[in-house]
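# Descriptive analysis of the structure
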Amino acid sequence: DAGVTQSPTHLIKTRGQQVTLRCSPKSGHDTVSWYQQALGQGPQFIFQYYEEEERQRGNFPDRFSGHQFPNYSSELNVNALLLGDSALYLCASSLYTDTQYFGPGTRLTVL
Amino acid sequence: AQSVTQPDIHITVSEGASLELRCNYSYGATPYLFWYVQSPGQGLQLLLKYFSGDTLVQGIKGFEAEFKRSQSSFNLRKPSVHWSDAAEYFCAVANSGYALNFGKGTSLLVTP
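Everything in this summary refers to the structure shown in the same document. (Residues numbered from 1 in each chain as written. Chains lettered and ligands numbered in written order. Predicted model: local features only at pLDDT ≥ 70, side-chain atom pairs only at ≥ 80, totals over all residues. Heavy atoms only, no water.)

## Some points on the overall build of chain A
The number of helices and strands found in chain A is 0 helices and 11 strands. Taken from N to C terminus, the helices and strands of chain A fall in the order β-β-β-β-β-β-β-β-β-β-β. Here chain A has a C-alpha radius of gyration of 13 Å; the compact-globule value for 111 residues is 13 Å, and the two agree. Split into buried and exposed, the 111 residues of chain A put 48% on the buried side. Intrachain contacts of chain A at a sequence separation of at least 6 include 53% that bridge at least 24 residues. Just so you have it, chain A exposes about 5,200 Å², and 49% of that area is on carbon and sulfur atoms. If you average the places of the 8 positive and of the 10 negative side-chain charges in chain A, the two averages end up 12 Å apart. (Helix = DSSP H or I, 4+ residues; strand = E, 2+ residues; numbered from the N terminus. Rg over C-alpha atoms; globule rule 2.2 N^0.38 Å. Buried < 20%, exposed > 50% of the residue type's maximum accessible area, 1.4 Å probe, protein only. Contact = heavy atoms within 4.5 Å. Areas by Shrake-Rupley, 256 points an atom, 1.4 Å probe, with all protein chains shown as cover. Lys, Arg positive; Asp, Glu negative; His and termini not counted. Charge placed at Lys NZ, Arg CZ, Asp CG, Glu CD.)

And the structure:
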């Protein structure tokens, strides 16, 4: 049973560019949440998707957007990248509001 | 607003010694509480969770945690630490299982 998978593993971008991160949920899960973890900090909630709709959003600017596909996979898009967007981006999946299980993350470096 | 405090940034214990990691939460209703562990450069692995019922919950890898409503705490314990337990530990609280609100984490170092 495959767990949560994320791609790519690492990514390097320059300021002002746009980036797309991808997440495939654990088999049987229908909800995807995204978190940003800056170095030395706990993860911060970005948003959660259920039935292809954004169900809840954290305190992140509109530069952060997402999408969920009919197969429950999800994308996180970040526009106009800033140096401060450098972080580990974690995807978590769950069955509706049940326990969230995390993927290995995508390390984004903005130069 | 809900919040989580992990008072200890770093903790060092000897292998074989007991461990207790502290977590205090602020939340109006009965919270959903979690402990996750993160090895360097990795994602988060769920150790245990509390939703309701018995206030002492058992998790994986020999960990347990006790929910104390009167103290707004959910401390993680292990009777005998192994070198492989060295990692970052995060306490989290959620309302109805939606967004997880994490503490800043406690880094555990295990010495021989």
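## Overview of the sheet that holds strand β1 (residues 5-7) of chain A
All names here are of chain A. Reading across the sheet, the 4 strands line up as β1-β3-β8-β7 and stay open at both edges, with antiparallel pairing between neighbours. Edge strands, defined here as strands with exactly one partner in the open sheet, are β1 and β7 (64-68). Sheet twist, expressed as the average angle between the axes of neighbouring strands with direction ignored, equals 20°. The pairing of β1 with strand β3 (residues 19-24) spans 3 bridges and is antiparallel. Bridged to S7 within β3 is R22. (Pairing = 2+ DSSP bridges. Axes fitted to C-alpha atoms, helices over the stretch in contact; angles between N-to-C directions.)

## Notes on the environment of W34 of chain A
Residues and elements named next belong to chain A. Here W34 is to be found in strand β4 (residues 31-37). Looking at W34, the relative accessible area reads 0%, which means it is buried. When the C-alpha positions of W34 and L76 are compared, they lie 7.6 Å apart, and in sequence the two are 42 residues distant.

## Focus on the state of the cysteines
Residue and element names in this part refer to chain B. Under the counting rule described, the total for this entry stands at 2 disulfides over all chains. With its sulfur 2.0 Å from that of its partner, C23 forms a disulfide with C91. One quick way to see it: the torsion about the S-S bond of C23 and C91 is about -65°, and its sign makes the bridge left-handed. Remark: C91 occurs in strand β10 (residues 87-94) and C23 occurs in the loop between β3 (19-21) and β4 (24-26); sequence separation between them is 68 residues. The two residues C23 and C91 agree in class, both being buried. (Disulfide = S-S within 2.5 Å.)

## Some words on the pattern of salt bridges
Residue and element names in this part refer to chain B. One pass over the structure, following the stated rule, counts 7 salt bridges over all chains. In this structure, the salt-bridge partner of R22 is D8, at a minimum N-O distance of 2.9 Å. Linking R22 in the loop between β3 and β4 with D8 in the loop between β1 (3-5) and β2 (10-14), this pair joins segments that are 14 residues apart in sequence. With a relative accessible area of 38%, R22 lands in the partly exposed category. For R77, the salt bridge is made with E64, and the minimal N-O distance between the two is 3.2 Å. Linking R77 in strand β9 (residues 73-78) with E64 in strand β8 (residues 64-68), this pair joins segments that are 13 residues apart in sequence. Among the ionic contacts, a cluster of salt bridges with common partners joins E64, E66 and R77. (Salt bridge = Lys/Arg side-chain N within 4 Å of Asp/Glu carboxyl O.)

## Points about the interface of chain B and chain A
By convention, interface size is frequently given as the accessible area that disappears when the constituent parts associate. On the side of chain A, 21 residues touch chain B, which itself brings 19 residues to the contact. Across the chain B to chain A interface the summed buried area is about 1,600 Å²; carbon plus sulfur atoms make up 53%. If you sort the residues of chain B by the area they bury against chain A, L44, Y98 and F102 of chain B come out on top, with a joint share of 32%. Linking chain B with chain A are 0 salt bridges. (Buried area = accessible area lost by both parts, 1.4 Å probe.)

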